[in-house]
Amino acid sequence: MAEQKEYRVPQHVAIIMDGNGRWAKKRFLPRNAGHAQGSRVAEQICEDAYNLGIKYLTIYAFSTENWVRPKEEVDALMNLLRKYMKDSIERSGKNNMRVRVIGDIRRLDEDLQQSIRRLEEVSADNTGLCFQVAINYGGRDEILRAAKRMARDAADGKICPEELTEEQFYGYFDTEGIPYPDLMIRTSGECRTSNFLPWQLAYSEFYFTDVLWPDFNKKELQKAIEYYNHRDRRFGGV
Ligand code: FPP
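Not measured: the values here are computed from a predicted model. (Residues numbered from 1 in each chain as written. Predicted model: local features only at pLDDT ≥ 70, side-chain atom pairs only at ≥ 80, totals over all residues. Heavy atoms only, no water.)

Considerations on unusual backbone geometry
Condition: Secondary structure elements follow DSSP: runs of H or I of four or more residues count as helices, runs of E of two or more count as strands, with numbering from the N terminus. Only protein chains enter the accessibility calculation, which uses a 1.4 Å probe; a residue is then buried when its area is under 20% of its type maximum, exposed when over 50%, and partly exposed in between.
Residue Phe28 is not a glycine yet carries a positive backbone phi of 55°. Secondary-structure assignment places Phe28 in the loop between helix H1 (20-26) and helix H2 (31-52). For Phe28, a relative accessible area of 80% translates into the label exposed. Its identity as a non-glycine residue notwithstanding, Asn96 has a phi of 60°, on the positive side. With respect to the element layout, Asn96 can be found in the loop between helix H3 (71-95) and strand E3 (98-102). With relative accessibility at 29%, the residue Asn96 sits in the partly exposed group.

Put into structure tokens, the structure is as follows:
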């Protein structure tokens, strides 16, 4: 009898939610309507991901480069995030999700920073999905911030630079303690990683789909997992 290959669910999935603007344009709607639908889809995907057995989910909500968008669009995105954080403070008690924000949040409005800190605090001991939202996140910026903190510790004599390991350096990252993503999904047909988790994605499988983010759903997530199951992860071996 042919040997049955074990079905693997990725432990950590990272998603670049692209195509909100095009989704809205196709419907003669303002771009912000695409972002609003995109944020509803993000919430649903958290539930679906966890039900499928995924333990960690990281999404790219706002990059360090997104500030150049028109002010009205930046404000709309910040308001969606503001609402998400506020609502989740109460909701996290019910859905058992642990939420963390990665990125440099110091540039965000004070009230949003406070909601983020509060949500991270109240959800810290939850044992369900570990959900990371990247806001004002840039991979190079994260590496640079990590290097600066590490250099400070070296200057203070807390660490010896020559003996520093990759694992120890990772301890300075925003995603410290979180396993590297097994699978990265990008929607809307673009095939690049756009400064998203460059260190963490070094050995991840990449899945690109033409589906626009607001049309993404559980079935599409299952297709990505299916694709992942056909990959042979060798991590540099043979
Ligand atoms: C890319 O689409 C999408 C973004 C820059 C923002 C993504 C943010 C959300 C979906 C909302 C926040 C999430 C939560 C959890 C509340 P695009 O605008 O670049 O699309 P386009 O390439 O079609 O123009």
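Here we look at the pattern of salt bridges
This is how the line gets drawn: In the sections that follow, a salt bridge refers to a side-chain nitrogen of Lys or Arg positioned within 4 Å of a carboxyl oxygen of Asp or Glu.
Enumeration according to the criterion identifies 21 salt bridges in this entry. For Arg69, the salt bridge goes to Glu73, with nearest N and O atoms at 2.8 Å. Relative accessible area serves as the criterion here: at 31%, Arg69 is assigned to the partly exposed category. Residues participating in the shared-partner salt-bridge network are Asp18, Arg22, Arg186, Glu190 and Arg192.

A word on the sheet that holds strand E5 (residues 183-186)
Heads up, the rule is: A pair of strands is treated as paired once DSSP finds two or more bridges between them. To get an axis, a line is fitted to the C-alpha atoms, and for a helix only the part in contact is used. The angle between two axes follows their N-to-C directions and goes from 0 to 180 degrees. Residues count as neighbours in contact if any of their non-hydrogen atoms are within 4.5 Å of one another.
Pairing in this open sheet of six strands is parallel, and the strands run E3-E4-E2-E1-E5-E6 from one edge to the other. Since the sheet does not close on itself, it has two edges, and those belong to E3 and strand E6 (205-208), each with one partner. Ignoring which end each strand starts from, the neighbouring axes of this sheet average 20° apart. In this structure, strand E1 (residues 12-16) lies alongside E5, joined through four bridges in parallel fashion. Counterpart to Ala14 in the pairing with E5 is Met184. Packed onto the sheet, H2 meets E1, strand E2 (56-63) and strand E4 (130-137) and runs at close to 165° relative to E2. Across the sheet, helix H7 (residues 218-229) lies against E5 and E6, angled at about 140° from E6, the strand it touches most.

Considering H2
Put simply, the test is: The span you would expect from a helix comes to 1.5 Å times its residue count less one.
Between its first and last C-alpha, H2 extends 31 Å over 22 residues, near the 32 Å set by a 1.5 Å rise per residue. Of all the residues in H2, the buried ones are Asn32, Gly34, His35, Ala36, Gly38, Val41, Ala42, Ile45, Cys46, Asp48 and Ala49. In this structure, the buried residues of H2 make contact with E1, H1, E2, H3, E4 and H7. Just downstream of H2, Gly53 is the residue with a positive phi angle, here 105°.

Describing the site of the ligand
Test applied: Nearness is judged by heavy atoms alone; a residue qualifies as near a molecule or strand once a single heavy atom is within 4 Å of it. A 3.5 Å cut-off defines polar contacts: any pair of N or O atoms within that distance qualifies, except that in protein one atom must be a possible hydrogen donor and the other a possible acceptor, and neighbouring residues in sequence count only when both atoms are side-chain atoms. Here the accessible surface of atoms and residues is derived via Shrake-Rupley with a 1.4 Å probe, and residues count as covered only by protein chains that are part of the display. Following the grouping adopted for this structure description, the nonpolar residues are Ala, Val, Leu, Ile, Met, Phe, Trp, Tyr, Cys and Pro, the charged ones are Asp, Glu, Lys and Arg, and the polar ones are all others, Gly among them.
Lining the immediate environment of the ligand, one finds 18 residues, of which Gly21, Arg22, Arg31, His35 and Arg69 sit closest. Side-chain polar atom of Asp18 to an oxygen atom of the ligand: 3.2 Å apart, as the coordinates give it. Between the ligand and Arg31 there is a distance of 2.8 Å, counted from an oxygen atom to a side-chain nitrogen or oxygen. In isolation the ligand exposes 630 Å². Once the protein is present, 92% of that is buried. Ranked by residues supplied to the shell around the ligand, first place goes to H2 with five residues. Here the shell around the ligand is composed, by residue class, of seven nonpolar, seven polar and four charged.

Concerning the nonpolar core
The criterion, for reference: Definition used in this section: a nonpolar core is a set of buried Ala, Val, Leu, Ile, Met, Phe, Trp, Tyr and Cys residues joined via side-chain atoms within 4.5 Å.
In terms of nonpolar packing, the biggest core is built from 40 residues, with Ile15, Leu57, Met85, Phe131, Val133, Ile135 and Ile185 touching the most fellow members. When near neighbours in sequence (up to four residues on either side) are disregarded, Ile185 contacts Val13, Ala14, Ile15, Ile16, Tyr207, Phe216, Leu221 and Ala224. Tyr60, Ile102, Tyr137 and Met184 belong to the second-largest nonpolar core, a separate cluster that totals 10 residues.

Let's talk about the pairing of E4
Taken residue by residue, a regular strand's side chains alternate between the two faces of the sheet. To be explicit about the condition: The path from the first strand over the helix to the second decides the hand: if it runs clockwise while the strands point away from the viewer, the crossover is right-handed.
With respect to burial, E4 is a largely interior element, eight of its eight residues being buried. Pairing analysis gives five bridges linking E3 to E4, with the strands arranged parallel. Note that in E4 the partner of Arg100 across the bridge is Gln132. Traced from E3 through helix H4 (residues 110-123) to E4, the parallel crossover comes out left-handed.

Scope: geometric values only; no functional claims are made or implied.
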